[in-house]
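Residue-level structural notes
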Amino acid sequence: MPRPSAPLTYLPAELASAGAAQAQLLDLYTGQNPYGPPPHVLEAARAAVCERSPDALASAARSSIAQRFGVTPGRVLPGAGASELAWSAARALVRPGGVWLSIEPAQSPCVAAARSVGARITRWRSVERTGHSVDLEQVAELMRLEQPGVVSLCAPGSPTGASVPVEAVFELAARFADVQFVVDQSWLPLSDDHADLERVPPDNVLCLRSLTLSCALPGLRAGYALGSSPLLAAIADARPPFAVSAPALAALAAAVQEDEHITRCRHQLQADRSQLRALLDTLGLAHTPSVVPFALVRVARAAEVTASCIGPPSRRNLYVVVTCVWQSMSPGRIVTSPRSKTSAPRVIVRPGPTAVILSPSMRTTGFSTIRPATTTAANRTLATMSRPM
């Protein structure tokens, strides 16, 4: 098993002005697989021919993915990551003023994509007291009231980490055959629900998958969608030709045949998650049950957590980048004060020997430099999080 690493591929202006170099940074925001990409997939991307235009039809990648999941190539659409596919799907599915129902919280590109084409966004939100489980009967009731044309959700939940079995989503889709469902499955390969990858979606469900998180290849911008042939043809028509690069297509063709590395990573991350849960329990920190490699944690003193992270670089001159945003789970509110009376702020925490603190949210406001993420520093920060208000 390779050692975890998360090199940052860009340099935020705040860190550049502080004199940091790109080689001094670790990126904890993206939450990608810390054990690195499958070697076979990386080799395929590097071996791709870039002196010619990529196959506009993506025939080889489509055939490989279709064979892996037992569908026709027409039910597969390679894309430049889940984000590109979500934005292209929004252009194909939504007209200005159309209703798009987002099941939240959701760290997904779907809502931004819908908003970009003039959709009216309505939301259903999970709650902490139920472990952020998605109550699909409540969703169905809201659908009858709002009459959305599209429903989007993450399965598994992100940032909640909650299990969202696709079988239940497919059953809901069967009850609303005129509604298009968009399911972001970016975390599925590394989750306890990974067997859901084998489930072929019905015609009114579009499943988005990516190599960014599971294969730790965010710079490649590679993903694919499974759905009905007419819908995928409409999505393909909504984007420019040659939308996916030759290296990305080569990586996609290889990735669906490469399960051993992902399986090893998933097992290691499950062990890492167990250690993290034990640490959180020891500190008395409430956390949401999770089927993915991270956990949603309630924080009492968010400002002190941030302050404890900020410090000068170490003797090794290592910075760690973390997004400093605290968000409420109440509709439409972003909590920026740790002493807000309306809702407790939250962060995401991820296990691993190099770092523990991770705080992404649906909205990003900037970066902070923090001291090297050693076990001692991480435990000290978590201890700060656990102190009462």
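Residues numbered from 1 in each chain as written. Predicted model: local features only at pLDDT ≥ 70, side-chain atom pairs only at ≥ 80, totals over all residues. Heavy atoms only, no water.

1. Points about the environment of V166
Here V166 shows up in helix α7 (residues 166-175). V166 sits 11 residues away from A155 along the chain, and the two C-alpha atoms are 7.2 Å apart. Here V166 is in contact with A155, Q185, D196 and R199, once residues within four sequence places are set aside. (Helix = DSSP H or I, 4+ residues; strand = E, 2+ residues; numbered from the N terminus. Contact = heavy atoms within 4.5 Å.)

2. Focus on the sheet that holds strand β2 (residues 76-79)
Spatially, 7 strands are ordered β2-β8-β7-β6-β5-β3-β4 in an open sheet, and the strand pairing comes out mixed. The strands lining the two open edges of the sheet, one partner per strand, are β2 and β4 (120-125). Mean inter-strand twist for the sheet, computed between neighbouring axes without regard to direction, equals 20°. Of the pairings in the sheet, the one linking strand β3 (residues 99-104) to β4 comprises 6 bridges and is parallel in character. For I103, the partnering residue across the bridge sits in β4 and is W124. (Pairing = 2+ DSSP bridges. Axes fitted to C-alpha atoms, helices over the stretch in contact; angles between N-to-C directions.)

3. Structural notes on the nonpolar core
Membership of the largest hydrophobic core comes to 58 residues, with the highest contact counts inside it found for I65, V139, M143, L172, F181 and L211. Ranked by the residues each element gives to this core, the list is headed by helix α9 (residues 246-255), at 6 residues. Once residues lying within four places of it in the same chain are set aside, the contact partners of L211 are V41, A216, L217, A222, A251, L252 and A255. Counting 23 residues, the second-largest nonpolar core is a separate cluster that includes L85, A119, I121 and V182. (Core = buried A, V, L, I, M, F, W, Y, C linked by side-chain atoms within 4.5 Å. Buried < 20%, exposed > 50% of the residue type's maximum accessible area, 1.4 Å probe, protein only.)

4. Considering the pairing of β3
Counting buried residues along β3, 6 of its 6 residues qualify, which places the element largely inside the surrounding structure. Covered by surrounding structure in β3 are V99, L101 and I103 together with W100, S102 and E104, the residues of both alternating faces. Taken together, β3, helix α5 (residues 110-116) and β4 form a β-α-β motif whose crossover is right-handed. Alignment of β3 against strand β5 (residues 150-154), held across 3 bridges, turns out to be parallel. Opposite W100, over in β5, you have V150 as the bridge partner. (Right-handed = clockwise from strand over helix to strand, strands pointing away.)

Geometric descriptors of this kind do not, in isolation, establish any biological role.
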